[in-house]
Each structure stands twice: as structure tokens, then as C-alpha cells.
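Descriptive structure summary
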Amino acid sequence: MIRAVKGTRDILPPASRVWNHVEDVARRVMQSYHYSEIRTPIFEETSLFARGVGEETDIVSKEMYTFEDRDGASLTLRPENTAGVIRSFIEHRLDQVPGLQKLYYMGPMFRRERPQKGRYRQFSQIGAEVIGSESPAVDAEVIEMVIEILTRCGLDGFQLLLNSVGCKECRARYVAELRERLAGVANRLCHDCQRRVQTNPLRVLDCKIPEDQPIIDALPSILDFLCEPCGIHFAAVRAYLNDRGIQYEVKPRLVRGLDYYMRTTFEVVHGALGAQNSVLGGGRYDGLAQSLGSKAPAPGIGFSIGEDRLVMSVEEAHPDRHKDTVDLFIAPMGGNALRHSTVLARELRRNGVCVEIAFEGKLKRALELANKTGARYALIVGDNEIQSGAYALKNMATGEQENVSRERLTEVLYGRNH
Ligand SMILES: [Zn+2]
Ligand SMILES: [Zn+2]
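Report on the accompanying structure. Small disclaimer: the values here were computed from a predicted structure and weren't measured.

The sheet built from 8 strands is open, its strands ordered E1-E5-E6-E11-E10-E9-E7-E8 with mixed pairing. Every interior strand has two partners, whereas the edge strands, strand E1 (36-37) and strand E8 (249-250), have only one. Pairing between strand E10 (residues 278-284) and strand E11 (residues 300-306): 5 bridges, direction antiparallel. Across the sheet, Gly283 pairs through a bridge with Gly302, a residue of E11.

Structure (C-alpha cells):
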């Protein structure tokens, strides 16, 4: 037997319904903020991610699916999608289009991570990017929008973490201070951190090793190093969130270690997921477009939701979201009734009713199946019913049965659906 590749999985019904639900909600919310979908290729030139995500990151150095194409080009399955969206923005001169570019995407990403519960090598993200403004009002609106998506998916009890990582100038002063402070304690830190002290001290703040935490907690906060414009920007983001009554916790350790990340960073964590509890992350990346070859500055901010984790949280909070939604299960008795039923089913389906037909088997089996499927109603169609123009309609929840005309049938069914 051939099985799905390690780290990948099949998403089957009924779980796929939760995926559809979450995606529908996200689309509706993002469209109401006037975002449009962008679909970029699943593989790109490897150099895009090396430059756009960062050569030193775990993603690029250890986790990418990189392969040589038949013509020798180095290609990579996308490990994330901000780099791809910005590449597309530059390639298609979207900076020439009037107004902000507000783009969303959803789809699979690929990282060769160590297999563990809830982590997949093919995983899905729902994300968005806004390109063309430095305004803190944009940051607050993006955060408001992701909160809206989570809330309308039916999640609560999540927590928004917020920080500012400053700009090139003030962050450089902070990193210099960090380097100095870390020099004295580096030998007490974990192996990875000892390397980070040399390559990218900011990344020490991301360390999850328990033994390192007291040392890291004692390090200075980046917020004490923000320059005046960065301080004003961060205060404005918080004020805009306060205006909306959106709760957050300022978390100075929430940093992104790459040069083009600037100012606002945020993350949402949810208790239901245990230690690996981040549902989404995002931040401002004002220098990214230029580092990928844009001539004009194109400040932007974006986020990506880990859809696998979001779905897991929604499943835990609302086990009923799996529910099947067959409105009517038709049980025809005999060949003539089947022909009649198929025409009836077509008409009902065109009006948005979900109809299932028992193509084979006896009436008793058909009604059992209707019950197992969770259908709301079953309709018994036999030659007598066709002749008299009245079908036997059974309410599967109450067990009540009534004879209904065709008009009454559509009334009952459309009444539920419209
Ligand atoms: Zn600054
Ligand atoms: Zn460490």
C-alpha cells in the first residue's frame, strides 16, 4: 500500500467542512475590508526565499524543499508567501496601480520540519499583505481584521501580543547593547543561542529553552531604545487599538530578526493548542520590497494565519461545525420513481437545497442511510405518490411524517434555506 508522505496528510470529510468554513469566513471578512485574492505559484526561484526570508533563518538554512530543475535552475517549494507576493508586486508594477495594494492568499506551504503533533511539512496559511503605506492606522486595521476573522470563526479566549522592533537606526543601537550584554552570559546559554549571539543577537529573544529564560528576561527591552518617530508610531498603533476596544499585551521579546522588519510586530496565541500555541503572526516589513529589487520604496505590513492550527482550535471550540447538511434525502421506490426523483432533485438543487438520492436498495435501507447522513428530511417517492401528486415527507429529527404537495415541499425546504 502506498501511504501519504511523512509529514503530509489527507483532509477528509467531515473535517474538510471545517476548512471550508474557516476559508469562507476569512474571504468574507477580507472582502469587506476591500482585499482581493492573489494566487502566486507554489514554487519559485530559490534566491527569492534566500533574500526574502533570510539566509540565516531556520526556514531557509534547514527546512526548504529545494530541488534542481532539469535545466539546472534551483527551485524551492514556497515555505511562506510574503516573498512571493512582494515578488509579484514588483514584477507586475502594482505600485503603479492607484491606492493601497491589499492582497490576500490562502494555500499550502512547505517546510521540512521535525515531525511532531500538529506540525506538517505541507501546511496551509491564510495571509494578507497591505503595500503602500507606513501609517500606524493601517497596522491597527490589519490587526482588527485578523481579530475579526478569528472571532467570526467562533474562537474566543485568544490573546493578542504586540511589539515594535524599531527601525534600522534605533534597532542597531539596541542590537549593539544586546551584543554587549550577551557577551558576558553567552556561555550559559543553549547551543543555538551561542551561535545567535554571533550571527543575530535578536534571535536569542525567540529562544524557547526553559533554562535560558531567566537570562533572557533580564536583558534590556527594545522599547527603551525606540527612536522618537518609532516611539510615536508604536503609541499611535496602540491608541488606534484602544479606540476599538481591542485588548493586547505588549511583549518586548516579540521580535523578527531580519533587517527589513520594522516597527509593528504581532502574534495571536490560543490556549487550546498547548505549547505550540501561536495561531498567527505578522508585522511590518518596510524594507522588504527594496531588498527584493524594487526601485521605489514600498512599505508594507502583513500576517499569516496557520490554518491547520486555526482549524484545530475551531474543531475544539465547535465540534458541531463538522455537521453534514443534507436537507432532503429522497428514497425512490422503483425505476419509475427514480426517474421522477432525479428531475425533482435537479429542480430543488438549482434552488440551493442540498439533496441526496438513494439510487439503490430498499426503502428501509434508504431511510437508515438518511438517518446516518444526518438529513433533515426524507422524501418517499413511489408510483402512488407520483400519481396523487403528494409525497410522504418525514422530519428526521421528530420522526413525524406528513403528505405534502410539491408546492408545500418547496415551502418547507426553501423556508429553511432562504
Ligand atoms: Zn527607529
Ligand atoms: Zn537558547
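The packing of two helices is summarised by the inter-axis angle and the distance between the axes. At a closest axis distance of 8 Å, the pairing of helix H5 (residues 136-152) and helix H9 (residues 228-243) adopts a crossing angle of 40 degrees. Judged by the angle between their axes, H5 and H9 are oblique. Read as a crossing pair, H5 and H9 show a hand that is right-handed. Here Pro136, Ala137, Asp139, Ala140 and Ile143 of H5 come into contact with H9, specifically with His233, Ala236, Val237, Tyr240 and Leu241.

We now examine unusual backbone geometry. The general pattern is negative phi for most residues beyond glycine and trans for most peptide bonds. Of note, the amide linkage connecting Pro13 to Pro14 takes the cis form, showing an omega dihedral of 5 degrees. For Pro14, the position within the fold is in the segment before helix H1 (15-32). Phi angles above zero are rare outside glycine, and His34 is one such case at about 65 degrees. Position of His34 relative to the elements: it lies in the loop between H1 and E1.

What counts as what
Residues numbered from 1 in each chain as written. Chains lettered and ligands numbered in written order. Predicted model: local features only at pLDDT ≥ 70, side-chain atom pairs only at ≥ 80, totals over all residues. Pairing = 2+ DSSP bridges. Helix = DSSP H or I, 4+ residues; strand = E, 2+ residues; numbered from the N terminus. Axes fitted to C-alpha atoms, helices over the stretch in contact; angles between N-to-C directions. Parallel < 35°, antiparallel > 145°, perpendicular 65-115°, else oblique. Left-handed = near helix turned anticlockwise from the far one by under 90°. Contact = placed C-beta atoms within 7 Å.

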